[in-house]
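One letter stands for each residue in the lines below.
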Amino acid sequence: MKKVLCLFLVMVLVLVGCNNNNEVPEEQPVKEVTPETPSAVSEPDTPEFKFTIATSATANSIIGQTMQYAADLINDRSEGKIIVDTFPDGQLGSDTELVEGVQLGTITMVIGTTAPQVSFVPDLAVFDIPNVYSDIPTAQTVLSQFKGKMDNQFNEKGFHLCAMFPTVFRYMSSSKEVRTIDDFNGIKIRTMENPYHMAYWNALGATATPLAFSELYIGLQQGLVHAQENPLDIFMSSKFYEQQDYIIDTKHIAFIATILMNKEQWDSMPAEYQELMNECFEEASKFGAENAKIVEDENKQKIIEAGVEIIELDQATYDAMFEKSLSVQDMIREAVGDELVDDYLSAIEAAK
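Predicted model, so just to flag it, every value in this text is computed and none were measured.

Trainee: Before we go on, may I ask you to explain the overall build of the protein in this structure?
Mentor: Helix and strand content of the protein: 11 helices and nine strands. Counting the 352 residues in the protein, one finds 47% classified as buried. When contacts within the protein are restricted to residue pairs at least 6 apart in sequence, long-range pairs at least 24 apart make up 74% of them. Counting every atom, the protein has about 17900 Å² of accessible surface; 52% of that belongs to carbon and sulfur.

Trainee: Please explain the nonpolar core as it appears in this structure.
Mentor: The tendency in soluble globular proteins is for nonpolar side chains to be buried as a group. Ranked by size, the top nonpolar core spans 71 residues in total, and within it Phe127, Tyr133, Phe154, Met164, Met172, Trp201 and Tyr344 carry the most contacts. When residues in this core are grouped by element, the largest group, seven residues, is from helix H4 (residues 136–156). Leave out the neighbours within four places in its chain, and Phe154 touches Gln117, Val121, Leu124, Phe159, Leu161, Met164 and Leu260. The next biggest cluster of nonpolar side chains, apart from the first, holds 31 residues, and it includes Phe49, Ile63, Val84 and Ala257.

Trainee: What's the story with the side chain of Gln329 in this structure? I'm lost.
Mentor: In this structure, Gln329 sits in helix H10 (residues 315–336). Taking the relative accessible area as the measure of exposure, Gln329 reaches 12% and is therefore buried.

Trainee: What should I look at first to understand the side chain of Ser285 in this one?
Mentor: Tracing the backbone through its elements, the reader meets Ser285 in helix H9 (residues 271–305). Apart from the residues lying within four places of it in its own chain, the contact partners of Ser285 are Ala163 and Phe165.

Trainee: Is there a simple way to think about the pattern of salt bridges in this case?
Mentor: It is possible for side chains of opposite charge to pair when their charged atoms get near one another. This structure, assessed with the given rule, holds 12 salt bridges. Arg333 is the partner of Asp338 in a salt bridge, and the nearest nitrogen-oxygen pair spans 3.3 Å. Residue Asp342 is joined to Arg333 by a salt bridge in which the shortest nitrogen-to-oxygen separation is 2.8 Å. Its relative accessible area of 34% is what places Asp342 among the partly exposed residues. A single salt-bridge network, built from bridges that share partners, covers Glu177, Arg179 and Glu309.

Trainee: So what exactly am I meant to see when it comes to a negative patch on the surface here?
Mentor: A cluster of like negative charges, contributed by Glu48, Glu272, Glu275 and Glu279, occupies part of the molecular surface. Mapped onto the fold, Glu275 is located in helix H9. Classification of Glu275 by relative accessible area gives partly exposed; the value is 49%.

Trainee: Please clarify how the packing of aromatic side chains should be interpreted in this entry.
Mentor: The description of an aromatic ring pair uses the distance of the two centres, along with the angle that the planes make with each other. Evaluated as defined, the whole model comprises 13 aromatic pairs. Ring plane angle 5° and centroid distance 4.2 Å describe the contact between Tyr69 and Phe287, whose orientation is recorded as stacked. Taken together, the residues Tyr69 in helix H2 (residues 62–77) and Phe287 in helix H9 connect sequence positions 218 residues apart. Note on Tyr69: relative accessible area 29%, which makes it partly exposed. In this structure Phe287 comes out as buried when scored by relative accessible area, which is 18%. Centre to centre, the rings of Tyr200 and Trp201 are 5.1 Å apart; their planes meet at 70°, and the pair counts as edge-to-face. Across the pair, exposure class does not vary: Tyr200 and Trp201 are buried alike. Counting every residue linked through ring pairs, the aromatic cluster contains Phe127, Tyr133, Phe146 and Tyr344. The ring of Phe146 has Lys149 sitting right over it, with the charged end atom 4.8 Å from the ring centre.

Trainee: Explain the packing of H4 against helix H11 (residues 338–351) here, please?
Mentor: Angle between the axes and distance between the axes are the two parameters that describe a pair of packed helices. One way to put it is that H4 packs onto H11 with a least axis distance of 8 Å and a crossing angle of 145°. In the crossing of H4 with H11, the sense of the turn from one axis to the other is right-handed. Of the residues in H11, those touching H4 at Thr138, Thr141, Val142, Gln145, Phe146 and Lys149 are Leu340, Asp343, Tyr344, Ala347, Ile348 and Ala351. Among the residues forming the contact of H4 with H11, the class breakdown is seven nonpolar, three polar and two charged.

Trainee: Got a minute to help me understand the packing of H10 against H11 in this structure?
Mentor: At their nearest, the axes of H10 and H11 sit 7 Å apart, and the two run at 125° to each other. As summarised for this structure, H10 and H11 are arranged oblique, according to the angle between their axes. Every residue of H11 that contacts H10 at Gln329, Ile332, Arg333 and Val336 is listed here: Asp338, Leu340, Val341, Asp342 and Leu345. Looking at the contact of H10 with H11 residue by residue, the classes come out as five nonpolar, one polar and three charged.

Trainee: How should I be thinking about the pairing of strand S7 (residues 227–230) in this particular structure?
Mentor: Looking along a regular strand, one sees the side chains alternate between the two faces of the sheet. Where burial is concerned, the two faces of S7 agree: the one with Ala227 and Glu229 and the one with Gln228 and Asn230 are both buried. Examined bridge by bridge, strand S4 (residues 159–174) and S7 share four bridges and lie antiparallel to one another. Considered in S7, the bridge of Ser173 is made with Gln228.

What counts as what
Residues numbered from 1 in each chain as written. Predicted model: local features only at pLDDT ≥ 70, side-chain atom pairs only at ≥ 80, totals over all residues. Heavy atoms only, no water. Helix = DSSP H or I, 4+ residues; strand = E, 2+ residues; numbered from the N terminus. Buried < 20%, exposed > 50% of the residue type's maximum accessible area, 1.4 Å probe, protein only. Contact = heavy atoms within 4.5 Å. Areas by Shrake-Rupley, 256 points an atom, 1.4 Å probe, with all protein chains shown as cover. Core = buried A, V, L, I, M, F, W, Y, C linked by side-chain atoms within 4.5 Å. Salt bridge = Lys/Arg side-chain N within 4 Å of Asp/Glu carboxyl O. Patch = residues over 30% accessible without salt bridge, like charges linked within 9 Å, V, L, I, M, F, W, Y side chains within 5 Å. Lys, Arg positive; Asp, Glu negative; His and termini not counted. Charge placed at Lys NZ, Arg CZ, Asp CG, Glu CD. Phe/Tyr/Trp six-rings, centres within 6.5 Å; stacked < 30°, edge-to-face > 60°. Lys NZ or Arg CZ within 6 Å of the ring centre and 35° of its normal. Axes fitted to C-alpha atoms, helices over the stretch in contact; angles between N-to-C directions. Left-handed = near helix turned anticlockwise from the far one by under 90°. Nonpolar A, V, L, I, M, F, W, Y, C, P; charged D, E, K, R; others polar. Parallel < 35°, antiparallel > 145°, perpendicular 65-115°, else oblique. Pairing = 2+ DSSP bridges.

Remember, this is a structural readout, not a statement about activity or role.
Dropping the structure here:
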C-alpha cells in the first residue's frame, strides 16, 4: 500500500513539472516609484500669477474695451506667466463693491471712474470739481502731472494706482427738455454714490438720486428717475436711447478713469513683472484716450439716428451752471484742503 501511495505522489509531481506553461508566477515585490517634481519645463503654460480685473461698465464701452486691451497686452507679453481674466457689465458687483473687493483682495483690479472711489480715497474729490474743463486734451495734460501726486493716497488705502487718464465728458440725458438753467428744476437724475455729484445736481435745481448702474435702465423705464449722466458710449451701449429723448451737452465733468490693483498683490510680483505691467497700462491708457474721441463722434451720429435730440446749451447757461457749482468747490476745499484744490485749478489754467 505504501508503495502504491509513493508511486502516485511521484506521478503527480511529474505531471505538475511538465505543465510549466500554466504555472502562476511568484509574486514580485512592489517597486517603489518616486514621483517627479513638477517643473516649469514640464508645464510651460502654467501661469505664475492669475489675476482678475472688473468694471461695472459694459464690454463695448470705452472703459470695457480698454480693460480688455490691457488684459490682452499683459497676457501676451508675459507669455502666459500672468493671466488676467476680465469681468465687464458689473458681473462682480457695483462700482463701490468692485473697489471694496480690490481693497480686500478678493478682486485683483478694477477699472472705472474716480467718482465712486472718493469714499475710499478722499483726495480724489478734487477731480469732482465741475465745469472746469472745456476740452479733453487739457484734462490729459493735467492728469499726466497729477497721477504722481495721488500715488501715496492710494497706497495708504491698500491700492496701487496703475493708471489714470481722461476719456470723454459726462453728459446729461433726460426724458425732459433742458435748455436753460431753470429747466433743471425738479428733474430726478440718477447719480453715483458720490456726495459731490449729488450736491452738484441739487445745486442746479435737480433732485439727485443715487442708484446702482445695474438698476439704471429699469429706473428710467419705470420713471423712478427722469435723467442720468454718463459718457455717450455708455448711453449707447446701455441702450438708454430707448428710454431718453434728449442728450444735454452739459460736459460738466471729464470722465477720469483709473485702473487700481490690490497693493499687496502688486507688491508680491517681481520687479520685472511690475515693469511689464506698467508698460501695458501706459499703452492701455493711450488706447482709451485716443479711441474715446473717435467713438464719441460716432456715437453722436448714432444718437441722432436713434431719434434722440442733442441740445446745445448757450454760454449764459454754462456760466450759470458754473456759478451754482461753486458751492460744490467749497465742499471739496473743506474736504481735501485749499492747497490741493489750488494746485489742481492752477494746473488747469496753465494747460489751457
